[in-house]
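One letter stands for each residue in the lines below.
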Amino acid sequence: MSSFDYSDFDSGETYTLTVTAVDARGQTSVLEREITPTKEPEIIESGFVNDPVDSYHERIDPERYTAHHVLKIDLNGVDPNDVEVKPGRLDNFAQKVHQDKKLKEEMLHLNTYWRAQEPGNYIINQKLLFNDKNYERAIESEKIYSNLRVEPSPPELRVDVINDGTTGHLKSKWGIVVDASDSFDPDGTKLKYTWQKGANPISPDNKTGKFRSVKFARLVIEDKYELKSSKEFNYLKEYIPGINNVEVLSEGPYKPNDTVRLRVTTNGYRFAKNTYHNQFELGMTPVGAKGNIVEWDEIITQRLENGTHADDPRIYKGIIDFEASELANTVENPKIRVYNKKKIATYEEALIPDLEIYRQYGTIWTNISIKDTKYRVERPTYDWARATSEAERDRYLADGYSVVDTERDGFEYTLEERVKVRDAQYEIKSKTFPTKLQHSAFLQTHSDWWSGGRESEKQTRTRTEQEWRDSKTGDGTFLGETRRVETEPARYQTQKQYAYEYDVEKTRTRTVTKTKEVEVTKTDTKYVMKCGFEGICFEVPKTYTYTTTVERTYTTTEEYTYTVTRTATYWAPQKLGWDHWSTGKQKQVKISNAEYKTQYLYEYQEEYTDVVRTYEVKTREKVSDAEYEWQERMTTTDRMDVESLISADNWRIGSYGANLKWDMQKRTGSKTTTVDIRFAGDTVLNTYVTADVDATQQYVLGETVKNETTDTKTVDKSYSGYVSASEIKNKLRKQSGEIEEDCEIKFHCII
């Protein structure tokens, strides 16, 4: 056997191993093999990065209870497909919900996500395995233990406004009624409800409260871990009076471009204070179709006294318009929604009443009544059999049969008898002692042993020893083997990555516009007085030239400098400047190699003589007991026979069970037939239907629509495959008379 230190090699590189054998006559034999040394994968980082987390509950945000575990593995040249992390024994309440694996720069990143249903500390243990291709086996490299801390979750507060609190005639007893029974504790503990400020409990379980003040009401819930949740806000945003009526104001039937006008009225409501009304406002919007809100106002339905008071009954009333084609061109029934403007998620909805919206041409089939439906089906055929034993049943199953029904007929018992199959076995055993004293002491305390005598022997022996020496000196034979022993381990230093900023001055050229003054020569005309000989004077024009300065604009280029900030990084055991900062990355850097020395394996012999005396004792020892076994003797369904036999010690019931018979079937083919009722297993090839319909013929004359309804007529249709009654009616509507368009899509259809 010979071992090599992995530090002598580069992992992943291929080397040639040579072994030379030499016999006493100097003859040699050489064997060569190629080896590829592989280092073991090494765990660089392991642990949870976001614990502690809350305990798990399906109704809270998953980010609260999901713990993220990060495992980083330096592969050291190992193929990532040969590395596996397997879980060990897990705590009962800890559960792994997801994991992903990524390879980044020869580093394997394994992210796993955990959760636990109860608070506490959980030990998550895993083991790192990798496949060593040199030995063709999986090796357990390292065990990983991580501590998951799960803290109690705070209780979840859920409230619902039951009504506006105006029940009864005494206004002094009015108030907002709030139900908090939907609140819960994710840890499953019982909650304590405390109503504070303007709120008081009104139910025996303390989960329902009532208060008069909008601003100063608060509910606090507390679990057994003394964790609390509270809510203090305007509960009016949780209240909606509901829709009392949606009334059609316009007259139909409607053409596609006609306007449908609806009036929407809410249920009545009253508040105990005017401040409630200041903080309460409803909105209205259509759902499933486009509409135009004409008006929408709060109305006092009846003034109880002069002026406006909080206890005056009020409603919201408004008008909304739709284009008729909008209501006909919808897949789902359009609705009216009334919502609380303080909280849009608080709303009530009502369906828009049924309307007649006509198409512009063709025939429509309405009042469809299905008279008869038949099906052309492909029905499987079967071969039937009955099995009266499990073996017979299994033979039928192997032949392609399946069990249809199981019949039970009493119980069947298997009886067994206890039979001796081998006698007890004995053999003579002996012990030896190196001294007479030990020999005698043993016989005094073991009465079933006897003395076997004494033996003396003089022995001269040669002992062969091996040892590793630091040099090739001393007695003995050098065996030709050497080893490299580490005398000083390699030293490593942890270096971090630091960053710093520095300024870089740059120069660029830009185009600028400038002005300058230049001298120019201009010509102008002026009038001068000129007098003649007769003394008559008059003005005459005279042209003159003059020099002046004007401002001119020109374009030129100039250089300018500016400064940009750059970021540089470096690796060092500590930062080199006060304003430098760590990026969070770090690595191990070897600063000195390991030191080794060579040792040599020597073999040497030594002789010694010794007189060996032994004292023997003997005994007869049972090496195996007699063997018995229960053997099956009979099978019966008679309970009296069973009770009679098992009264003896050597009989027992080996097994019992229901006496079963199985009805079995095997499909042999199929047949095609026409039936009135289809059964499970039938494949419907065609559906034949006979229906009565009312046909309405429409004529378009300019802007006037004329309708004519004919008598009820009977139509026969055939459809491929199975078609339900609702699908048949839809298909008949689409196939009516002259209509070529799809009635569910085009707006000119009667709905």
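Residues numbered from 1 in each chain as written. Predicted model: local features only at pLDDT ≥ 70, side-chain atom pairs only at ≥ 80, totals over all residues. Heavy atoms only, no water.

Caption draft 1: How the structure looks around the overall build of the chain. Across its full length, the chain carries seven helices and 37 strands. Summed over its atoms, the accessible surface of the chain is roughly 49100 Å², and 43% of this surface lies on carbon and sulfur atoms. (Helix = DSSP H or I, 4+ residues; strand = E, 2+ residues; numbered from the N terminus. Areas by Shrake-Rupley, 256 points an atom, 1.4 Å probe, with all protein chains shown as cover.)

Caption draft 2: A look at the pattern of salt bridges. Within the structure shown, the criterion is met by 30 salt bridges. Salt-bridge contacts for Lys666 lead to Asp399; the nearest nitrogen and oxygen are separated by 3.8 Å. With Lys666 in strand S35 (residues 651-675) and Asp399 in the loop between helix H4 (390-398) and strand S26 (402-422), this residue pair connects regions lying 267 residues apart in the sequence. Asp399 sits in the partly exposed class, given a relative accessible area of 45%. In this structure, the salt-bridge partner of Lys429 is Glu427, at a minimum N-O distance of 4.0 Å. By relative accessible area, which is 38% here, Glu427 ends up partly exposed. Salt bridges sharing partners connect three or more residues here, namely Asp54, Arg64, Glu156 and Arg158. (Salt bridge = Lys/Arg side-chain N within 4 Å of Asp/Glu carboxyl O. Buried < 20%, exposed > 50% of the residue type's maximum accessible area, 1.4 Å probe, protein only.)

Caption draft 3: Region of the structure containing the pairing of strand S33 (residues 595-624). As paired strands, strand S27 (residues 425-433) and S33 are joined by nine bridges and run antiparallel to one another. Within S33, the position partnered with Lys431 by the bridge is Val617. The pairing of strand S28 (residues 450-469) with S33 spans 19 bridges and is classified as antiparallel. Bridge pairing in S33 links Glu465 to Tyr604. Bridging between strand S29 (residues 477-488) and S33 involves eight bridges; their strand directions are antiparallel. For Glu486, the partnering residue across the bridge sits in S33 and is Tyr596. (Pairing = 2+ DSSP bridges.)

Caption draft 4: Just the sheet that holds strand S22 (residues 314-323), in detail. Strand order in the open sheet formed by four strands is S18-S19-S22-S21, with antiparallel pairing between adjacent strands. Strands with a single pairing partner mark the edges of an open sheet, and in this sheet they are strand S18 (243-248) and strand S21 (291-300). Between one strand axis and the next, the sheet turns through 15° on average, direction left out of account. Of the pairings in the sheet, the one linking strand S19 (residues 259-266) to S22 comprises seven bridges and is antiparallel in character. Its bridge partner lying in S22, Arg263 is registered against Ile319. (Axes fitted to C-alpha atoms, helices over the stretch in contact; angles between N-to-C directions.)

Caption draft 5: Region of interest: the packing of aromatic side chains. Counted according to the given criterion, the structure contains 14 aromatic pairs. With a centroid separation of 5.4 Å and 65° between ring planes, the pair formed by Tyr269 and Phe280 is classed as edge-to-face. Taken together, the residues span a long stretch of sequence, with Tyr269 in the loop between S19 and helix H2 (274-278) and Phe280 in the loop between H2 and strand S20 (282-287) at a distance of eleven residues. Here the aromatic rings of Phe433 and Phe442 are separated by 5.2 Å at their centres, their planes lie at 45°, and the arrangement is tilted. (Phe/Tyr/Trp six-rings, centres within 6.5 Å; stacked < 30°, edge-to-face > 60°.)

Caption draft 6: Representation of unusual backbone geometry. Pro52 follows Asp51 through a cis peptide bond whose omega is 5°. In this fold, Pro52 is placed in the loop between strand S3 (42-48) and strand S4 (53-54). A positive phi is found at Asn206, a non-glycine position, where the angle reads about 70°. By the element assignment, Asn206 lies in the loop between strand S14 (199-201) and strand S15 (208-211). A relative accessible area of 24% means that Asn206 is categorised as partly exposed.

Caption draft 7: Fine view of the side chain of His69. Positionally, His69 belongs in strand S5 (residues 67-74). A polar side-chain atom of His69 sits 3.4 Å from the main-chain amide nitrogen of Gly47. Contacts of His69, omitting those with residues within four sequence positions, involve Ser46, Gly47, Phe48, Leu110, Asn111, Thr112, Trp114, Gln126 and Ser146. (Polar contact = N/O pair within 3.5 Å; in protein donor to acceptor, adjacent residues only side chain to side chain. Contact = heavy atoms within 4.5 Å.)

Caption draft 8: Local environment of the environment of Leu17. Mapping Leu17 onto the fold places it in strand S1 (residues 15-22). Assessed through its relative accessible area of 29%, Leu17 is described here as partly exposed. Remark: the alpha-carbon pair of Leu17 and Glu32, spanning 15 residues in sequence, is separated by 5.6 Å.

Caption draft 9: Structural context of the confidence of the model for the chain. Taken as a whole, the chain shows an average pLDDT of 81; of its residues, 86% reach a score of 70 or greater. When pLDDT is averaged over each helix and strand of the chain, the minimum, 71, is found for strand S11 (residues 160-163) and the maximum, 94, for S19. In this model, residues 699-704 is a region of pLDDT below 50 whose contacts with residues beyond four sequence positions or in other chains number seven contacts. Long-range and interchain partners of residues 738-751, a stretch whose pLDDT sits below 50, account for 37 contacts in this model, where long-range means more than four residues apart. (pLDDT = per-residue confidence, 0-100.)

Caption draft 10: Examining a nonpolar patch on the surface more closely. On the surface, a cluster of nonpolar side chains totalling about 320 Å² of accessible area is made up of Tyr382, Trp384 and Val404. For Val404, the location among the structural elements is in strand S26. Its relative accessible area of 43% is what places Val404 among the partly exposed residues. (Patch = residues over 30% accessible without salt bridge, like charges linked within 9 Å, V, L, I, M, F, W, Y side chains within 5 Å.)

Caption draft 11: Quick look at the pairing of strand S7 (residues 94-104). Pairing of S7 with strand S8 (residues 107-116) involves ten bridges; the strand directions are antiparallel. Among the inter-strand pairings, Leu103 is bridged to a residue of S8, identified as Leu108.

Caption draft 12: Representation of the nonpolar core. Within the largest apolar cluster, 42 residues are counted, with the highest numbers of intra-cluster contacts made by Leu219, Val260, Val264, Phe322 and Leu327. Look past the residues within four positions of Val260 in its chain and what remains in contact with it is Ser250, Tyr254, Ile320, Asp321, Phe322, Ala324, Leu327 and Leu355. Ile43, Val78, Val85 and Ile144 belong to the second largest nonpolar core, which has twelve residues in total. (Core = buried A, V, L, I, M, F, W, Y, C linked by side-chain atoms within 4.5 Å.)

Caption draft 13: A look at the sheet that holds strand S32 (residues 581-592). Ordered in space as S31-S30-S32, the three strands form an open sheet in which the pairing is antiparallel. Each end of this open sheet is capped by a strand with a single partner; those strands are strand S31 (537-572) and S32. Between one strand axis and the next, the sheet turns by 25° as a mean value, whatever way the strands run. Note that strand S30 (residues 491-531) and S31 share 36 bridges and pair antiparallel. Opposite Met529, over in S31, you have Glu539 as the bridge partner.

Caption draft 14: Structural view of the environment of Glu40. Tracing the sequence through the fold places Glu40 in the loop between strand S2 (28-35) and S3. Linking Glu40 and Asn131, residues 91 residues apart in sequence, is a C-alpha distance of 9.8 Å.

Caption draft 15: Structural view of the environment of Tyr492. With respect to the helices and strands, the residue Tyr492 is situated in strand S30. Overall, Tyr492 belongs to the partly exposed group, its relative accessible area being 49%. Once the C-alpha coordinates of Tyr492 and Ile591 are considered, the two residues, 99 residues apart in sequence, prove to be 5.5 Å apart. Not counting residues within four places of it along the chain, the set of residues in contact with Tyr492 comprises Gln588, Val589, Lys590 and Ile591.

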